[in-house]
Amino acid sequence: MTLRLYDTATRSVRDFVPREAGKVGVYLCGLTLQAPPHIGHLRSGVNYDVLRRWLSAAGLQVTFIRNVTDIDDKILVKAQEQERPFWSIAYANELKLAEAYRALNVLPPSYEPRATGHIPEMHGLIERLIERGHAYPATDGSGDVYFDVCSWPSYGALSNQSPDDMQSAGDAPDRGKRDPRDFALWKGAKPDEPADAYWPSPWGQGRPGWHIECSAMCWRYLGAEFDIHGGGLDLTFPHHENELAQSQAAGLPFARYWVHHGLLSIGGAKMGKSLGNALDLDYVATLGVRPVELRYYYVAAHYRSRIDYSEEALREAAVAYRRIEGFVTRAVERVGAGALGELPAAFAAAMDDDLNTSAALAALHEVLRDGNNALAGGDDVTVRTTLASVRAMLDILGVDPLDPAWTGGARASDLRGVVDSLIALALEQRAQARVRKDWAAADALRDQLKRAGVVVEDTPQGPRWTIGEQD
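The following refers to the structure shown. (Residues numbered from 1 in each chain as written. Predicted model: local features only at pLDDT ≥ 70, side-chain atom pairs only at ≥ 80, totals over all residues. Heavy atoms only, no water.)

Attention shifts here to the overall build of the chain. Looking only at helices and strands, one finds 15 helices and 15 strands in the chain. C-alpha extents for the chain along the principal axes are approximately 90 × 50 × 35 Å. Across the 471 residues in the chain, those meeting the buried criterion constitute 50%. In the chain, 74% of the contacts between residues at least 6 apart in sequence involve partners at least 24 apart. For the chain, the accessible surface area stands at approximately 21,000 Å², while carbon and sulfur atoms represent 51% of it. (Helix = DSSP H or I, 4+ residues; strand = E, 2+ residues; numbered from the N terminus. Buried < 20%, exposed > 50% of the residue type's maximum accessible area, 1.4 Å probe, protein only. Contact = heavy atoms within 4.5 Å. Areas by Shrake-Rupley, 256 points an atom, 1.4 Å probe, with all protein chains shown as cover.)

Printed below as a string of structure tokens:
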């Protein structure tokens, strides 16, 4: 492979060399399910979906694991507030997350494990850490078990900070810890928390700490050592730092590359439910922006860059995508859909350069310009080759307009049929007005369609409509 990825652990762009030739294992830290997903969360799914597609395009067999955290302090707080079982909240939000990923054409993972399904693996990992002298049960009768940060000399290396500068872990009272920086591997049952949120363990009834779950699931599905561990930049510390320390302290080599994506902020602040600034797919739909256009908005930026959300930028991305979509539509009308073509060298080079999707899109627009010129000049041979190339690039990015994810599905097909019929009726009325030279009526119908988000273009083959920018 020629792919180079930025590795957080070495703070450098490195050649990607799979641990096992022809195969690659990827673990992505998924969501904690205390609330439905917002568009900040969904950037993660899209970014790593592009990575996965590029790895697959290189001929690698990809095992892609994306977990969900269905037991956590935040979920238990919601359970108490709503007087519902914690698992019902987690499962409802898991379904909403899956629906949002499908809407954005994010491929399903090879496996999507839940934390609550891997308690025995966590116990096994904790026992290994205790045996090796890197973890200890609290002596205050709480049932807590902690990782001993001072026992692991390289603690802090991933996030490039010294333990001397770190504050208390903050995930449990300091009274049971040898050192305030020690973090919880197992949390003993508390009388003020839901009675169904605990499991038996060698240290007493309790539940897992946040960090131990991912180490256990990586081990279970990808083995002691695997290729890529991904997640948001905000997870580097403490979550990924703690994962790395406890895994290696238990004798597992763990991840060979650490890949972190930038966050989506709003007004300079991290997007989140607790801040009251979280926007979801339903909100994006009220702006007249489709899921495919939101996905394009994500991939137009480099995965490591921060995106500061604005409606203006999102609408600009939607308009840019509609221009690409318009070329594909016109080209298909001329020469048919055909098969996906070759990827241009400039596009492949950009993707190999740490998944530089912004440069990859620049390469796509170069080809697109040639395609539009060919359409204008009636050069069907060039139209056919550029269409195949453009669609191949869009397929890697997950935004090919002809992908069944955007055109298929019973519900989408049914709705498209209704829309087609209504617009066909309006176009027929407009055609009749033009025949009788009632230009005012014809223009009024066209303008009404445009206000509804439908752009009508008169072509030699007759009127063609597309979803356009609303007034």
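From this point, things continue past the structure.
Attention shifts here to the nonpolar core. Counting 77 residues, the largest nonpolar core has Leu55 and Ile228 as the members making the most contacts within it. Grouped together as the second largest cluster of nonpolar side chains are 45 residues, Val145, Phe147, Ile212 and Ala255 included. (Core = buried A, V, L, I, M, F, W, Y, C linked by side-chain atoms within 4.5 Å.)

Here we come to the sheet that holds strand β7 (residues 183-188). The 4 strands lie next to each other as β5-β6-β7-β8, forming an open sheet whose pairing is antiparallel. Pairing within the sheet leaves two strands with one partner each, and these edge strands are β5 (135-137) and β8 (206-208). Pairwise comparison of adjacent strand axes, ignoring direction, gives a mean angle of 20° for this sheet. Judged from the 3 bridges that link them, β5 and strand β6 (residues 145-147) form a sheet pairing that is antiparallel. What sits directly across from Tyr136, in β6, is Tyr146. The strands touched by helix α4 (residues 119-131) within the sheet are β5, β6, β7 and β8, with β7 carrying the most contacts at an inclination of about 125°. (Pairing = 2+ DSSP bridges. Axes fitted to C-alpha atoms, helices over the stretch in contact; angles between N-to-C directions.)

Note the cis peptide between Phe237 and Pro238, where omega equals 5°. Residue placement: Pro238 occurs in helix α6 (residues 236-249). Located in the positive-phi region is Arg11, a residue other than glycine, with phi close to 55°. With respect to the helices and strands, Arg11 occurs in the loop between β1 (4-7) and β2 (12-15). In the Ramachandran plot, Leu355 falls in the positive-phi region, its phi being about 50° despite a non-glycine side chain. When you line up the elements, Leu355 lands in the loop between α10 (345-352) and α11 (357-377). With relative accessibility at 5%, the residue Leu355 sits in the buried group.

We now examine the pattern of salt bridges. Where charged atoms from two side chains of opposite charge approach closely, those side chains can pair. In this structure the tally under the stated criterion is 29 salt bridges. Residues Lys190 and Asp144 are paired through a salt bridge, measuring 3.6 Å at the closest nitrogen-oxygen approach. A residue pair is termed long-range when its members are at least 10 positions apart, and Lys190 in the loop between β7 and β8 and Asp144 in the loop between β5 and β6 qualify at 46 residues. Taking the relative accessible area as the measure of exposure, Asp144 reaches 3% and is therefore buried. Among the charged side chains, a network of salt bridges with common partners joins Asp73, Lys187, Glu193 and Arg207. (Salt bridge = Lys/Arg side-chain N within 4 Å of Asp/Glu carboxyl O.)

Quick look at the packing of aromatic side chains now. Going through the model one piece at a time under the given rule, you end up with 13 aromatic pairs. Ring geometry for Phe226 and Phe254: centres 5.2 Å apart, planes at 80°, overall edge-to-face. Taken together, the positions of Phe226 in strand β9 (residues 225-232) and Phe254 in strand β10 (residues 254-261) put the pair 28 residues apart, joining distant regions of the chain. Members of the aromatic cluster, each reached through a chain of ring pairs, are Phe147, Tyr155 and Phe183. Lying over the aromatic face of Tyr136, Arg178 brings its terminal NZ or CZ to 4.0 Å of the ring centre. Above the plane of the ring of Tyr6 lies Arg304, whose end atom (NZ or CZ) is 4.3 Å from the centre. (Phe/Tyr/Trp six-rings, centres within 6.5 Å; stacked < 30°, edge-to-face > 60°. Lys NZ or Arg CZ within 6 Å of the ring centre and 35° of its normal.)

This part takes up α6. In a regular helix each residue adds 1.5 Å, so 14 residues correspond to 20 Å; α6 covers 18 Å between its end C-alpha atoms and thus fits that length. When you tally the buried positions in α6, you get 11 out of 14 residues, the bulk of the element. Those residues of α6 not exposed but buried are Thr236, His239, His240, Glu241, Asn242, Glu243, Leu244, Ala245, Gln246, Ser247 and Ala249. The secondary structure elements touched by the buried residues of α6 are α4, β6, β7, α5 (210-222), β9 and β10. Positive phi appears at Gly251, one or two residues downstream of α6, with a value of about 95°. (Expected span 1.5 Å × (residues − 1).)

Attention shifts here to helix α12 (residues 380-397). For α12, spanning 18 residues, the distance from its first C-alpha to its last is 26 Å, which sits close to the expected 26 Å at 1.5 Å a residue. Those residues of α12 lying buried are Val383, Thr386, Leu387, Ala388, Ser389, Val390, Arg391, Ala392, Met393, Leu394, Ile396 and Leu397. The inward-facing, buried residues of α12 abut α1 (39-57), α8 (291-299), α9 (311-335), α10 and α11. Looking one or two residues beyond α12, the residue adopting positive phi is Gly398, at roughly 80°.

Among the structural elements, Ala362 can be located in helix α11. On the accessibility criterion, Ala362 (43% relative accessible area) is partly exposed. A sequence separation of 12 residues divides Ala362 from Ala350, and the C-alpha atoms of the two residues are 9.3 Å apart.

Relative to the helices and strands, Thr69 resides in the loop between β4 (61-66) and α2 (73-82). According to the relative accessible area criterion, Thr69 is buried, its value standing at 1%. Engagement of the side chain of Thr69 in a polar contact is seen with the side chain of Glu213, the distance being 2.5 Å. (Polar contact = N/O pair within 3.5 Å; in protein donor to acceptor, adjacent residues only side chain to side chain.)

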